[in-house]
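# Results of the structural survey
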Amino acid sequence: KRLRPRQCLPVIPQGIERSRFFFAIDELSNQLGNENVEVNDKPLDDGWYMEPPNTHDGMAITDGEDLVASAVVYPGCTDDVQKIVHWANKYLIPLHPISMGRNFGYGGAAPRVRGAVVIDLGKRMNKILDINPDDSTCLVEPGVSYYALYEEVQRRGYKHLWIDVPDLGGGSVLGNALDHGVGYTPYGDHWAMHSGLEVVTPTGEVVRTGMGALPGNNTWQVFPYGFGPFIDGIFSQSNYGIVTKMGFGLMPNPGGHESFLYTFEKEEDLEQLVEIVRPLRISMILENAANIRHALQVLALSGKPRSEFYEGEGAFPREKMNQYLKDHPYGACTWLYFGTCYGPKETRQLKLDIIHREFMKVPGARRIDPEVLPPSDYFWSRDKIASGEPDLEELAWVNWWPNGGHVAFSPVAPTRGADALRLWQMAKKHWIASGLDFFLDFVVGLRELHLIVECVYDRDDPKQRSKALEVMRFLIDEAAEKGYGEYRTHLLLSDQVAGTYSWNDNALMKFNEKLKDCLDPNGILAPGRSGIWPARYRGRGWEL
Ligand code: ADP
């Protein structure tokens, strides 16, 4: 346990007197039951991935109590969520909804506004409402994790159904999709695979989107659009509503799969590799998200701390990396490509042959034979994930530092060699200058490439923490100058990232603010999320 002592108990949201806050809390307890309203007056326990805190960010990158909740509430149904929203409007108390609070690297469960009341939806609203084995769809509440959904599909004996899982399987299916998370089967674009939302608006109405608006429908999870404007988009990465139900399409079992791994020697190989990947990925010869990783992560994926490889300061030396990889089954290299082909043997062999022929055009490329890899090798974790089985292996690299934390820089580029190389050179420059260690992963969704730079730091080292935040800020600015924007970011960096999407005198943010003021006139829901501040907060020093 890593308990942090508290300074003042509890933190009260700005703009409300202490006594009135406690009066309001008593009122809410009467409505929801005492056991479902918890004031945050205990030491902050950072927990770990499987027991994440719901009061703050377990990987806090700033000091002390900047981003803590005043209280946590546990609704049991949509009606409870409405009650909470009405209550917050009455007392002007900011709310921060989370599904399961495992948004590590992007702020965890922490509210952007200190002292907001966290709505932990996942604790009690965790039902799998439907799995339809004929349509291959499901309908879930916020507390359904990938593990829970996977296990239920198995329990019901639906051998013909797969689910799609991200790198770590403990998070919420609904929460991940809302934040544009991805997975590694052909159904990896979670938001694209959703169909139907149930949302509680900031003024307390309940809306069902798509076919869900039609009473008596049996099409909510099979046709996402319904009739009229497709409003689902405004509920993702936003603060316009609390999503209480979400539907998804599930992938049919393809009748077999086979994972593969290629290594590439030189840094510059990235350019040629990405040029090879683009046409293969767009035409779906490469069927799942391309995953091109920098080899330093292999050392961290061993689960051993950095100090076992190198005790010195500054960025991890390249020779030490090569030294380790030389004796590893992967061999010395710079980039690793993890991929998977689907279908019966004869179908996938056709694709595997094309991929092999194309990848081997890069001088020095090597195919690693999975047969030589021990069952504990990370390759097999990728194989599980790419076939829809949740896994936790990915956690290993966080132990690079004692009390390891991470924060991500996630710019989007077209899948072009020159862009990938430019992003790599930019990241490398800051990597070396900062003296921190970066783990890099180029993920090609379909046409676009997301570079994920995970900057790892020791949570107990304030110097490393502030350096990590600083380097993120440099990267965001430099990327924007070159025309690249982030697809997702840490809550402390949201204002900066939102500010880079400034075309036509910030027209997009002006539109977002107009929507915010209309849907949430009292500005109670997740103020500041994605850089969107309600009128009550704007221009009062909240923006970072
Ligand atoms: P996960 O469930 O994957 O661990 P979180 O619960 O931390 O992820 O959700 C990630 C972010 O998405 C949260 O910080 C919150 O801003 C937003 N979010 C999550 N669930 C909901 C929801 N049901 N309604 C509205 N916003 C949500």
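## So, the overall build of the chain
Of the regular secondary structure elements, the chain holds 13 helices and 22 strands. For the chain, whose C-alpha radius of gyration is 23 Å, the value lies close to the compact-globule estimate of 24 Å for 544 residues. Dimensions of the chain, computed from the C-alpha atoms along their principal axes, are close to 70 × 55 × 50 Å. Relative to its full complement of 544 residues, the chain shows a buried share of 59%.

## Some words on the sheet that holds strand β5 (residues 95–98)
With mixed pairing, the 4 strands of this open sheet are ordered in space as β2-β4-β6-β5. Taken across any chain shown, the strands that pair with only one partner, and hence form the sheet edges, are β2 (37–39) and β5. Across the sheet, the mean angle from the axis of one strand to that of its neighbour is 20°, orientation sign disregarded. By the bridge criterion, 4 bridges tie β5 to strand β6 (residues 117–120) in an arrangement that is parallel. Opposite Leu95, over in β6, you have Val117 as the bridge partner. Against the sheet, helix α1 (residues 18–32) contacts β2, β4 (71–73) and β6, and its axis sits at roughly 150° relative to β2. Packed onto the sheet, helix α2 (residues 78–91) meets β4, β5 and β6 and runs at close to 160° relative to β5.

## With respect to the domain arrangement of the chain
As far as domains go, the chain holds domain 1 (3–120), domain 2 (128–252), domain 3 (262–488) and domain 4 (501–544). Computed over C-alpha atoms only, the centres of domain 1 and domain 4 are separated by 22 Å. Contact residues are listed per partner, giving 12 residues for domain 1 and 12 residues for domain 4. Summed over both sides, the interface of domain 1 with domain 4 buries roughly 1100 Å², with 62% coming from carbon and sulfur. The largest per-residue losses of area from domain 1 upon contact with domain 4 belong to Leu92, Arg112 and Val113, which jointly make up 49% of the total buried on that side. Connecting domain 1 to domain 4 are 0 salt bridges. For the pair domain 1 and domain 4, the number of links is 4 residue pairs in polar contact (both at pLDDT 80 or more). Sorting the residues of the side of domain 1 that touches domain 4 by element identifies α2 and β5 as the ones contributing at least two each. Residues of the side of domain 1 that touches domain 4, tallied by class, amount to 8 nonpolar, 3 polar and 1 charged.

## As for the packing of helix α10 (residues 417–434) against helix α11 (residues 462–481)
Following both chains from N to C, one finds α10 and α11 inclined at 155°, their axes separated by 11 Å at the closest point. Relative to α11, α10 is oriented roughly antiparallel. In the crossing of α10 with α11, the sense of the turn from one axis to the other is right-handed. From α10, Met426, Ala427, Lys429, His430 and Ser434 reach across to α11, where they touch Lys467, Val471, Phe474, Leu475, Glu478 and Ala479. Across the contact of α10 with α11, the residue classes break down as 6 nonpolar, 2 polar and 3 charged.

## Thoughts on the environment of Asp232
Tracing the chain through its elements places Asp232 in the loop between β11 (206–208) and β12 (242–249). Separated by 37 residues in the primary sequence, Asp232 and Ser195 place their C-alpha atoms 9.1 Å from one another. The residues contacting Asp232, other than those within four sequence positions of it, are Trp191, His194, Gly196, Leu197 and Thr209. Polar side-chain contacts of Asp232 include one of 3.1 Å to the side chain of Thr209.

## Things to note about the pairing of strand β18 (residues 404–409)
Within β18, 6 of the 6 residues are buried, leaving the element largely enclosed by the surrounding structure. Here β18 shows no split at all, with Gly404, His406 and Ala408 on one side and Gly405, Val407 and Phe409 on the other all buried. Here 6 bridges tie β18 to strand β21 (residues 448–458), and the two strands are oriented antiparallel to one another. By the bridge assignment, Ala408 is partnered in β21 with Glu454.

## What to know about the packing of helix α5 (residues 269–282) against α10
α10 packs onto α5 with a crossing angle of 140° between their chain directions and a minimal axis gap of 7 Å. Judged by the inter-axis angle, α5 sits oblique to α10. In this structure, the crossing between α5 and α10 has a hand that is right-handed. From α5, Leu270, Glu271, Val274 and Glu275 reach across to α10, where they touch Gly417, Ala418, Ala420, Leu421 and Trp424. A class-by-class count of the residues in the contact of α5 with α10 yields 6 nonpolar, 1 polar and 2 charged.

## A look at the pattern of salt bridges
Pairing between side chains of opposite charge can happen when the charged atoms of each approach one another. By the definition in use, this model includes 39 salt bridges. The salt bridge partner of Glu198 is Lys245, with a shortest N-O separation of 2.9 Å. Of this pair, Glu198 sits in strand β10 (residues 194–200) while Lys245 sits in strand β12, and the two are 47 residues apart along the sequence. With relative accessibility at 3%, the residue Glu198 sits in the buried group. Residue Lys245 is classed as buried on the basis of its relative accessible area, which comes to 13%. If you follow the salt bridges from partner to partner, you end up with Asp167, Arg293, Arg382, Glu394 and Asp441 in one network.

## Focus on the sheet that holds β10
Overall, antiparallel pairing links the 5 strands, which are arranged β7-β8-β12-β10-β11 in an open sheet. One side of each edge strand has no neighbouring strand; the edge strands of this open sheet are β7 (128–132) and β11. In this sheet, adjacent strand axes meet at a mean angle of 10° when their direction is disregarded. Bridge count for β10 against β12 is 5 bridges, and the pairing is antiparallel. Among the inter-strand pairings, Val199 is bridged to a residue of β12, identified as Val243. Where helix α3 (residues 146–155) meets the sheet, it contacts β7 and β8 (137–140), and its direction lies at approximately 50° from that of β7.

Calculation rules
Residues numbered from 1 in each chain as written. Predicted model: local features only at pLDDT ≥ 70, side-chain atom pairs only at ≥ 80, totals over all residues. Heavy atoms only, no water. Helix = DSSP H or I, 4+ residues; strand = E, 2+ residues; numbered from the N terminus. Rg over C-alpha atoms; globule rule 2.2 N^0.38 Å. Buried < 20%, exposed > 50% of the residue type's maximum accessible area, 1.4 Å probe, protein only. Pairing = 2+ DSSP bridges. Axes fitted to C-alpha atoms, helices over the stretch in contact; angles between N-to-C directions. Contact = heavy atoms within 4.5 Å. Domains from an automatic or database assignment. Buried area = accessible area lost by both parts, 1.4 Å probe. Salt bridge = Lys/Arg side-chain N within 4 Å of Asp/Glu carboxyl O. Polar contact = N/O pair within 3.5 Å; in protein donor to acceptor, adjacent residues only side chain to side chain. Nonpolar A, V, L, I, M, F, W, Y, C, P; charged D, E, K, R; others polar. Parallel < 35°, antiparallel > 145°, perpendicular 65-115°, else oblique. Left-handed = near helix turned anticlockwise from the far one by under 90°.

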